[in-house]
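# Descriptive analysis of the structure
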Amino acid sequence: MSAETSAAVPGQFTRRRLQFRAWRGRRPFWAGLYVMLGGFPIMYFPYAHIKFGQLTVAMATTAGAGSLIIGVLLVVLGLTLWFQQHVRVFAGVAAILLALVSLPVSNFGGFVIGFLLSLFGGAMAVAWAPDKSAGRAAAPAGDDGAPGDAGSGTDHGVQGSNDLSGTIPANGANGRHSAG
């Protein structure tokens, strides 16, 4: 390959893969996937009829409706983790609690498979934190965030045009609203 050879333009598949990778990186993707995958065995096994040769084993229990509700809620929480990542702590704690409730309600939490997947996914959701480097990259070039930096035209690292509350110390409001 010489210096005059242009780089190949990425194809449609490569572009979509990179877009999906970027989308996946901005949210607790794997936590949502594990929570959703944990919901399926919890809601499936109480209604399943498993055959072992000529023997049919019916897993139907009196708590079949409870199992269905727990499973559907876990799937919804998994989707919530994907598309509403700002409620990740609530969704993670709710997934952990639903996984624990599924132990006595739904055939030991979908034969422990659904329980473990939901528990692990909920813990991952609670532990996930958004990338802080994305917020720093959007900061202005001359602002280092140092307190009292009078040279950059800001006070305490906050620009006056970005403050919509009117409570920055620079304008004397100091968190109190003045009448009049």
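Because the structure is a prediction, the values reported are computed rather than measured. The residue numbers shown here count from 1 along each chain, following its written sequence. Totals for whole chains, interfaces and linings use all residues, but because this is a predicted model, local features are given only for residues with pLDDT of at least 70 and pairs of side-chain atoms are given and counted only at 80 or more. The side-chain figures draw on all heavy atoms in the structure; neither hydrogens nor water molecules are used.

### Describing the overall build of the protein chain
What counts is decided by this rule: Numbering of helices and strands runs from the N terminus, with a helix taken as a DSSP run of H or I at least four residues long and a strand as a DSSP run of E at least two residues long. Any two residues whose heavy atoms approach within 4.5 Å at even a single point are treated as in contact. For every accessible area listed, the method is Shrake-Rupley and the probe measures 1.4 Å; residues are considered covered only by the protein chains on display.
Per the secondary structure count, the protein chain includes seven helices and two strands. If you list the helices and strands of the protein chain from N to C, you get α-α-β-β-α-α-α-α-α. Long-range pairs, those at least 24 residues apart, make up 63% of the contacts in the protein chain between residues at least 6 apart in sequence. Counting every atom, the protein chain has about 11800 Å² of accessible surface; 65% of that belongs to carbon and sulfur.

### What about the packing of helix α3 (residues 64-83) against helix α4 (residues 88-105)?
What counts is decided by this rule: Every axis in this analysis is a line fitted to C-alpha atoms, fitted for helices over the stretch in contact. Angles between the N-to-C directions lie between 0 and 180 degrees. Put simply, angles under 35 degrees are roughly parallel, angles over 145 are roughly antiparallel, angles from 65 to 115 are roughly perpendicular, and the rest are oblique. Put simply, a crossing is left-handed when the front helix is turned counterclockwise from the back one by less than a right angle, and right-handed when it is turned clockwise.
Their axes nearest at 10 Å, the elements α3 and α4 cross at an angle of 160°. It follows that α3 is roughly antiparallel to α4 by the angle criterion. Like other packed secondary-structure pairs, α3 and α4 cross with a definite hand, here left-handed. When α3 is examined against α4, the residues G66, S67, I70, L73, L74, L77 and L81 are found in contact with a partner set consisting of R88, A91, A94, A95, L98, V101, S102 and V105.

### What about the UniProt feature "transmembrane region" (unreviewed entry) in the protein chain?
As a reminder of what qualifies: UniProt positions are given in the numbering used here, feature names are shortened, and annotations may be inferred rather than shown by experiment.
Taking the numbering used here, the UniProt-annotated feature "transmembrane region" (unreviewed entry) corresponds to residues 29-47, 59-82, 89-105 and 111-129. Along residues 29-47 one finds 84% helix and 0% strand; the C-alpha atoms at either end are 29 Å apart. For residues 89-105, the helix share is 100%, the strand share is 0%, and the end-to-end C-alpha distance is 24 Å.

### Some remarks on the environment of F108
Summarising the element assignment, F108 is placed in helix α5 (residues 107-111). C-alpha separation for the pair F108 and I42, spaced 66 residues apart in sequence, amounts to 8.7 Å.

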